[in-house]
Amino acid sequence: MNVSLVQEVHRRLADVIEAGDLCLDATAGNGLDTLFLTQLVEESGTVHAMDVQEDALRITADLLALNEVQLRVTTHLSCHSKIETVLPPSAKGRIRAVTFNLGYLPKGDKSITTSEETTLPAIRIAYEWLVRRGVLSILCYRGHPGGKREEEEIRKLIQEQGWKNETIVGNDSEESPVLHWIEKD
Ligand SMILES: C[S@@+](CC[C@H](N)C(=O)[O-])C[C@H]1O[C@@H](n2cnc3c(N)ncnc32)[C@H](O)[C@@H]1O
């Protein structure tokens with residue numbers, strides 16, 4: 001994980017999310033982003049968290065329980081391209097923020113990574129399900145096989161859709177992580 005871009009994501013999320021909001025972590029992983037979202041939405045808010053790995057959801061659940069915020073979260077063992085079938089229909093058009101922290105589970109199985117075949121549909125649906133002025137945070141890692149192509153395809157999608165986007169690159173290296181921060185009109 002690139003700490004400074006993760007910090008940048010959290011700084012931006014803190015500016016946007018309010019108590020009582022509804023949020024989605026599309027890649028729960030070790031649960032750090034999910035936990036951060038629960039702290040911003042406070043007791044009156046709700047967070048959904050998705051991951052394809054049982055291990056990731058177990059680690060996330062443990063972290064949430066340790067911080068006594070588990071009642072604010074529903075976890076889903078599912079690919080994030082299935083948002084429409086997994087989240088309650090009442091969430092459509094009400095989500096304040098969706099976080100994607102792409103790639104593989106740190107300290108986990110590096111062969112299980114996100115990939116553009118499912119990331120792109122997931123991003124399209126996530127944008128649709130945002131409330132007006134809601135945000136999509138997409139943190140891309142270009143240093144692992146497929147990561148560079150995935151980031152390029154995301155860039156193309158953002159251009160094609162004409163979404164309002166800021167791109168922040170971690171450092172000068174071609175393999176640097178990239179953050180796409182998208183705000184819905
Ligand atoms: C970089 S980690 C996420 C880090 C996490 N947000 C955190 O704060 O610890 C990426 C996660 O994406 C998950 N993932 C891979 N493909 C996925 C998919 N199609 N749908 C949902 N999650 C997926 C992996 O299992 C992994 O846990």
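Here, the structure is the one placed above.
Thresholds applied
- Residues numbered from 1 in each chain as written.
- Predicted model: local features only at pLDDT ≥ 70, side-chain atom pairs only at ≥ 80, totals over all residues.
- Heavy atoms only, no water.
- Buried < 20%, exposed > 50% of the residue type's maximum accessible area, 1.4 Å probe, protein only.
- Helix = DSSP H or I, 4+ residues; strand = E, 2+ residues; numbered from the N terminus.
- Pairing = 2+ DSSP bridges.
- Right-handed = clockwise from strand over helix to strand, strands pointing away.
- Near = heavy atom within 4 Å.
- Polar contact = N/O pair within 3.5 Å; in protein donor to acceptor, adjacent residues only side chain to side chain.
- 1 Å grid on protein atoms, 1.4 Å probe; cavity = no way out; pocket = protein on both sides within 12 Å on 5 of 7 lines; lining within 4 Å.
- Sits in = over half its atoms within 2 Å of the grid points.

## What about the pairing of strand β2 (residues 46-51)?
Inference 1: Counting buried positions along β2 yields five of six residues, so the element is predominantly enclosed.
Inference 2: As defined by bridge partners, strand β1 (residues 22-25) adjoins β2 across four bridges and the pair is classed as parallel. Looking at β2, one finds that Cys-23 is bridged to Val-47.
Inference 3: Taking the sense of rotation as the criterion, the β-α-β connection linking β1, helix α2 (residues 32-41) and β2 turns out right-handed.
Inference 4: Note that β2 and strand β3 (residues 73-77) share five bridges and pair parallel. Note on β3: the bridge partner recorded for Met-50 is His-76.
Inference 5: A crossover links β2 with its parallel partner β3, the connecting element being helix α3 (residues 54-66), and its sense is right-handed.

## Digging into the site of the ligand
Inference 1: Near the ligand there are 25 residues, and of these Thr-27, Asn-30, Asp-33, Asp-51 and Gln-53 occur at the shortest range.
Inference 2: In this structure, a nitrogen atom belonging to the ligand sits 2.8 Å away from a side-chain N or O atom of Asp-33.
Inference 3: Taking Asp-51, its side chain carries an N or O atom lying 2.6 Å from an oxygen atom of the ligand.
Inference 4: Applying the majority rule of atoms within 2 Å of the grid points places the ligand in the largest pocket.

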